[in-house]
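Inside the fold
The lines below spell out each chain.
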Amino acid sequence: MDCPVCKNAGLTREKLEQDLIAYACAQCGGRMIVANDYSHWLEKQQGTLPEKPFSDISLEIHDVEKAKFCPECSRLMVKYKVGHGLDFKIDRCGGCGGVWLDANEWEAMKDRNLHDEINSVFTAPWQAGVRQEQNSQTLDVLYSKKFGDQDYTKIKEIRSWLDAHPKRQAILHFLSDDSPYKA
Ligand SMILES: [Zn+2]
Ligand SMILES: [Zn+2]
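Overview of the structure. (Residues numbered from 1 in each chain as written. Chains lettered and ligands numbered in written order. Predicted model: local features only at pLDDT ≥ 70, side-chain atom pairs only at ≥ 80, totals over all residues. Heavy atoms only, no water.)

Thoughts on the packing of helix H4 (residues 124-147) against helix H5 (residues 149-163)
For clarity, the threshold we go by: Axes here mean lines fitted to C-alpha atoms, for a helix over just the part in contact, with angles spanning 0 to 180 degrees between N-to-C directions. For the purposes of this entry, the term helix denotes a DSSP run of H or I that reaches at least four residues, the term strand denotes a run of E that reaches at least two, and both are numbered from the N terminus. A clockwise turn of the near helix away from the far one marks a right-handed crossing, whereas an anticlockwise turn of less than a right angle marks a left-handed crossing. Contacts are residue-level and defined by heavy atoms, with any inter-residue pair within 4.5 Å sufficient. Side-chain classes follow a simple rule in which Ala, Val, Leu, Ile, Met, Phe, Trp, Tyr, Cys and Pro form the nonpolar group, Asp, Glu, Lys and Arg form the charged group, and the remainder, Gly included, forms the polar group.
H5 packs onto H4 with a crossing angle of 115° between their chain directions and a minimal axis gap of 6 Å. At the point where H4 passes H5, the crossing takes the right-handed sense. Contacts between H4 and H5 involve Asp140, Tyr143, Ser144 and Phe147 on the former and, on the latter, Asp149, Asp151, Tyr152, Ile155 and Lys156. Tallied by class, the residues present in the contact of H4 with H5 amount to four nonpolar, one polar and four charged.

Details of unusual backbone geometry
Going by this rule: Burial classes follow relative accessibility: with a 1.4 Å probe on protein chains only, a residue under 20% of its type's maximum area counts as buried, one over 50% as exposed, and anything between as partly exposed.
Look at Asp19: it is not a glycine, yet its phi comes out positive at around 70°. As for its position among the elements, Asp19 is in the loop between strand E1 (11-17) and strand E2 (20-25). Owing to a relative accessible area of 41%, Asp19 belongs among the partly exposed residues under this scheme. The phi dihedral of His84 is positive, around 50°, even though this residue is not glycine.

Quick notes on the coordination of the zinc ion (ligand 2)
Using the following cut-off: In this description, a donor is an N, O or S atom within 2.8 Å of the metal centre, a cutoff extended to 3.2 Å for sodium, potassium and calcium. Water is not part of the atom list, which can make sites seem incomplete. Irregular is the label for any site that misses the other tests, which are tetrahedral for four donors with all angles between 85 and 135 degrees, and square planar for four donors or octahedral for six when opposite donors exceed 155 degrees and the remaining angles lie between 65 and 115.
Within the first shell, the zinc ion (ligand 2) binds the protein through Cys70 (SG), Cys73 (SG), Cys93 (SG) and Cys96 (SG), at distances of 2.3 Å. If you look at the zinc ion (ligand 2), its four donor atoms make angles of 95 to 124° with each other, and the shape they trace is tetrahedral.

Dropping the structure here:
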């Protein structure tokens, strides 16, 4: 197998985890995981680990944007956004199901316990969630511009306080009434 990113670089067998073999490129640090190898490794895990919040380890990720051809069966691989706060895409071959990870992408996913959910990333519900997440981020930026950072922070605090308040509706009426003290 040759690296789909570097020209003329071979992939060498590497023990990625206990019971999981990957094929790594010494030049770019990318890795190919064969579908069957991943499934067998998954079966040996004791269920899916709960997703973890961000830690402060910083990993340098070089997400290679260019299209890649599967090192195993030569088909064009498809890119999937990982989301859940991880800002890179992973490649999957629709032919053999193999997965290509650029340098440190496995480590970044493992840091969040998402490395055992790679197969879920390729599903429609996961991708819908990623789009929703991106829409929220876009709106967040727009609101922040509209209200200004400081006021927006305050508004969000008030909103979460209101959302948890049993008299939410009454408070909203009071606030939107121009003259609440007039009978
Ligand atoms: Zn390479
Ligand atoms: Zn393939």
